[in-house]
Amino acid sequence: MGKTSIPYADESWSVVVGCDRPNCRNDRAGCDKCWAERLVSRLERMGYAPYAGLTRDGCWSGEVRTFPERLADPGHWRKPRRIFVAPMGDLFHRSVPDAFIDQVLDQVRFNLQHTFLLLTKQPRRMLLFADRLRPNLPLNILWGYSAWNQLSLNSGWQEVRQIPGRIWVSLEPLLGAVSLPSVLREWCPKHDSDSEFCVGPCTSRRMFSWVVAGGESGPGFRPDSLMWYRAILLACQRAGMPCYLKQRAGSREGLPLLMDGEESKDFPRERERKTC
């Protein structure tokens, strides 16, 4: 696997493909109309043999497949790249063996020229593997989790905030208004609880190194609101967090998401050092 349609990544590294709805923690709304499920189903119908049996009648079959033959791929990419790990699956899905996750993370450590984007709906399991890498946590990883409403944002944060590295959140598909300040508030001694925003540089607390947000695309998409994105962007700007607004909800992908006529396509600083 290689080039990707994900606009904020340079490559995809599909070492794990497949999923099931229970992977969506206690709230399955974020798994409905799954982009990866639709894509794998289409590839399977086209006769792509490696993905045969991963979907059934357009839905995940429940099988999660690992691809050891793809582990060495990043070593062949000489130019530094931003690599999305397992975009059509979840590296930390309960069905993925510990030993295979260790092999993936070994490749990450061997290829320090790249930046690896990890994204999961299982932040607790991701935390366990991050803990095993202490005190030599690779600086070329962005540890991320998916959220789609305030509940999933809050619950995932309880786990990822304990990772002493760069952390990010993907608010996609965004299905409702969320408050980033309410999640981060407890870590900032300068926080203004009345305004829900920080009144000074937040150097003494954990923050997201990156926030990505976007609406749902495809048939039967659930609508979004520009006000949701405006609140996210304002919170990021006030806290000094890079914000990437991906797209509006719509029947097709890539609908422009503009704030006052401008896009927000910020990326995290490379290899920044975060303190707990």
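All values derive from a computational prediction rather than experimental measurement.

A. Molecular detail of the packing of aromatic side chains. This structure, assessed with the given rule, holds 14 aromatic pairs. Geometrically, the ring pair formed by Tyr 145 and Phe 208 is tilted, given 6.4 Å between the ring centres and 40° between the ring planes. Placement of the pair is Tyr 145 in strand S8 (residues 141-147) and Phe 208 in the loop between strand S11 (197-198) and strand S12 (210-213), with a sequence separation of 63 residues. For Tyr 145, a relative accessible area of 0% puts it in the buried group. Taken together, the aromatic side chains of Tyr 8, Phe 84, Trp 168, Trp 210, Tyr 244 and Phe 267 make up a single cluster linked through ring pairs. Between the NZ or CZ atom of Arg 70 and the centre of the ring of Phe 67, over which it lies, the distance is 4.1 Å.

B. A look at the pattern of salt bridges. Evaluation of the coordinates by the stated rule reveals 14 salt bridges. Between Asp 20 and Arg 94 there is a salt bridge, and its shortest N-O distance comes to 2.7 Å. Residue Asp 20 is located in the loop between strand S2 (16-17) and helix H1 (35-45), and its partner Arg 94 is located in the loop between strand S6 (82-85) and helix H3 (98-110); the two are separated by 74 residues in the primary sequence. Under the relative-accessibility criterion, Arg 94 is labelled exposed at 51%. Salt bridges linked by common partners bring Asp 98, Asp 102, Arg 125 and Arg 132 together as one network.

C. Region of interest: the nonpolar core. Within the largest apolar cluster, 57 residues are counted, with the highest numbers of intra-cluster contacts made by Trp 143, Leu 153, Leu 171, Phe 208 and Ile 232. Here this core takes 7 residues from helix H7 (residues 226-239), the largest share from any one element. In this view, Leu 153 contacts Tyr 145, Ala 147, Val 169, Leu 171, Val 178, Ser 179, Leu 180, Val 183 and Phe 208; residues no more than four positions away in its chain are not counted.

D. Representation of the sheet that holds S8 in the model. On the basis of which strands lie adjacent, the open sheet formed by 7 strands has the order S1-S6-S7-S8-S9-S12-S13 and parallel pairing. The strands lining the two open edges of the sheet, one partner per strand, are strand S1 (11-13) and strand S13 (243-245). When strand polarity is set aside, the average angle formed by the axes of neighbouring strands in this sheet is 25°. Relative to strand S9 (residues 166-171), S8 runs parallel, the two being bridged by 6 bridges. Opposite Leu 142, over in S9, you have Arg 166 as the bridge partner. Packing of helix H4 (residues 123-133) onto the sheet brings it into contact with strand S7 (115-120) and S8, and relative to S8 it is tilted by some 165°. Packing of H7 onto the sheet brings it into contact with S9, S12 and S13, and relative to S13 it is tilted by some 160°.

E. Local environment of the packing of H3 against H4. Relative to each other, H3 and H4 sit at 55°, their axes nearing to 12 Å. The orientation of H3 with respect to H4, classified from their angle, is oblique. Crossing of H3 against H4: the hand is right-handed. For the pair H3 and H4, the contacting residues are Asp 98, Ile 101, Asp 102, Leu 105 and Arg 109 in the first and Arg 125, Phe 129, Arg 132 and Leu 133 in the second. The class makeup of the residues in the contact of H3 with H4 is 4 nonpolar, no polar and 5 charged.

F. Focus on the environment of Tyr 229. Looking at the element boundaries, Tyr 229 is found in helix H7. Looking at Tyr 229, the relative accessible area reads 0%, which means it is buried. Excluding residues that lie within four positions of it along the chain, Tyr 229 makes contacts with Leu 174, Ala 213, Gly 214, Gly 215, Asp 224, Leu 245, Gln 247, Arg 248, Leu 257 and Met 259. At a separation of 3.0 Å, a polar atom in the side chain of Tyr 229 contacts the main-chain amide nitrogen of Gly 215.

G. Region of the structure containing the environment of Leu 139. By the secondary structure assignment, Leu 139 is in the loop between H4 and S8. Separated by 131 residues in sequence, Leu 139 and Glu 270 have C-alpha atoms that sit 9.0 Å apart.

H. Spotlight on the pairing of S12. With burial as the criterion, each face of S12 is covered, one bearing Trp 210 and Val 212 and the other bearing Val 211 and Ala 213. Sheet topology note: the S9/S12 ladder contains 4 bridges and is parallel. By the bridge assignment, Ser 170 is partnered in S12 with Val 212. Where S12 meets S13, 3 bridges bridge the pair, whose relative direction is parallel. Paired with Val 212 across the strands is Tyr 244, a residue of S13. In this view, the connection linking S12 to its parallel neighbour S13 by way of H7 has right-handed handedness.

Thresholds, definitions, all that
- Residues numbered from 1 in each chain as written.
- Predicted model: local features only at pLDDT ≥ 70, side-chain atom pairs only at ≥ 80, totals over all residues.
- Heavy atoms only, no water.
- Phe/Tyr/Trp six-rings, centres within 6.5 Å; stacked < 30°, edge-to-face > 60°.
- Helix = DSSP H or I, 4+ residues; strand = E, 2+ residues; numbered from the N terminus.
- Buried < 20%, exposed > 50% of the residue type's maximum accessible area, 1.4 Å probe, protein only.
- Lys NZ or Arg CZ within 6 Å of the ring centre and 35° of its normal.
- Salt bridge = Lys/Arg side-chain N within 4 Å of Asp/Glu carboxyl O.
- Core = buried A, V, L, I, M, F, W, Y, C linked by side-chain atoms within 4.5 Å.
- Contact = heavy atoms within 4.5 Å.
- Pairing = 2+ DSSP bridges.
- Axes fitted to C-alpha atoms, helices over the stretch in contact; angles between N-to-C directions.
- Parallel < 35°, antiparallel > 145°, perpendicular 65-115°, else oblique.
- Left-handed = near helix turned anticlockwise from the far one by under 90°.
- Nonpolar A, V, L, I, M, F, W, Y, C, P; charged D, E, K, R; others polar.
- Polar contact = N/O pair within 3.5 Å; in protein donor to acceptor, adjacent residues only side chain to side chain.
- Right-handed = clockwise from strand over helix to strand, strands pointing away.

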